[in-house]
Amino acid sequence: MTGGALTGEQLERFSFDRVFVSATAVDAGGVYMGGAESGELAARMLARGGEAVVLAGSEKMGRRSVYRYASLEQIHVLVTDTQMPVPTGLAAGLKQNGVRLVRA
C-alpha cells in the first residue's frame, strides 16, 4: 500500500472510471477512516473518479471513526459482507442519496 503526500500529488494526474475505497466506519453522516492521511488519500481518489464504490464489512456499519472523508451523496455503491439489516439511520441515508447497497 502506498500513502502520504507524494501519493496524493500523483493521484492528481489520473482519472478513473470507477474507484474502490475502504472504510473503517460508515454511518448516516458519511464514510470514515481511522486517520487523516488515509482519509485524505481516499478523498482524493473519489475526487478523481467516476463511480465511487465503498467496501466496508458489516462490523463497520452504523459506526463513526476519526476522519470523515466522504458524505453518502459522494458515493454510488456500498459493498458489505452480510445479509443482516443495516442500521435504520444508515439505511435511510443510503436510500435518500441513491446509494446502491450490495451484499457480497
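For the structure, see preceding data.
The following paragraphs examine the structure supplied in this document. (Residues numbered from 1 in each chain as written. Predicted model: local features only at pLDDT ≥ 70, side-chain atom pairs only at ≥ 80, totals over all residues. Heavy atoms only, no water.)

1. Digging into the sheet that holds strand E1 (residues 16-22)
Where we set the bar: One requirement defines pairing of two strands: DSSP has to find at least two bridges between them. Starting at the N terminus, helices and strands are each numbered in turn, a helix being any DSSP run of H or I of at least four residues and a strand any DSSP run of E of at least two. In this analysis an axis means a line fitted to C-alpha atoms, helices contributing only their contacting stretch, and an angle means the value between N-to-C directions, from 0 to 180 degrees.
Overall, parallel pairing links the 4 strands, which are arranged E1-E4-E6-E7 in an open sheet. Taken across any chain shown, the strands that pair with only one partner, and hence form the sheet edges, are E1 and strand E7 (100-103). Taking each pair of neighbouring strands and ignoring which way they run, the sheet shows an average axis angle of 25 degrees. In the sheet, E1 pairs with strand E4 (residues 49-55) via 6 bridges, with the strands oriented parallel. Note that in E4 the partner of Val21 across the bridge is Val54.

2. Let's talk about the side chain of Thr80
The condition is simple: Three exposure classes are used, based on accessible area relative to the maximum for each residue type with a 1.4 Å probe and protein chains only: buried under 20%, partly exposed in between, and exposed over 50%. Under this definition, polar contacts are N or O atom pairs within 3.5 Å; protein pairs additionally need one hydrogen-donor-capable and one acceptor-capable atom, and for neighbouring residues in sequence, both atoms have to be side-chain atoms. Only heavy atoms matter for contacts: two residues are in contact if any of them lie within 4.5 Å across the pair.
Mapped onto the secondary structure, Thr80 falls in strand E6 (residues 77-80). The class of Thr80 is buried, set by a relative accessible area of 2%. Among the polar contacts listed, one links the side chain of Thr80 to the backbone nitrogen of Ser58, at a separation of 3.3 Å. Those residues in contact with Thr80 that sit more than four places away from it in its chain are Ala56, Gly57, Ser58, Met61, Leu101, Val102, Arg103 and Ala104.

Interpretation note: all reported values are geometric properties and have no functional meaning in isolation.
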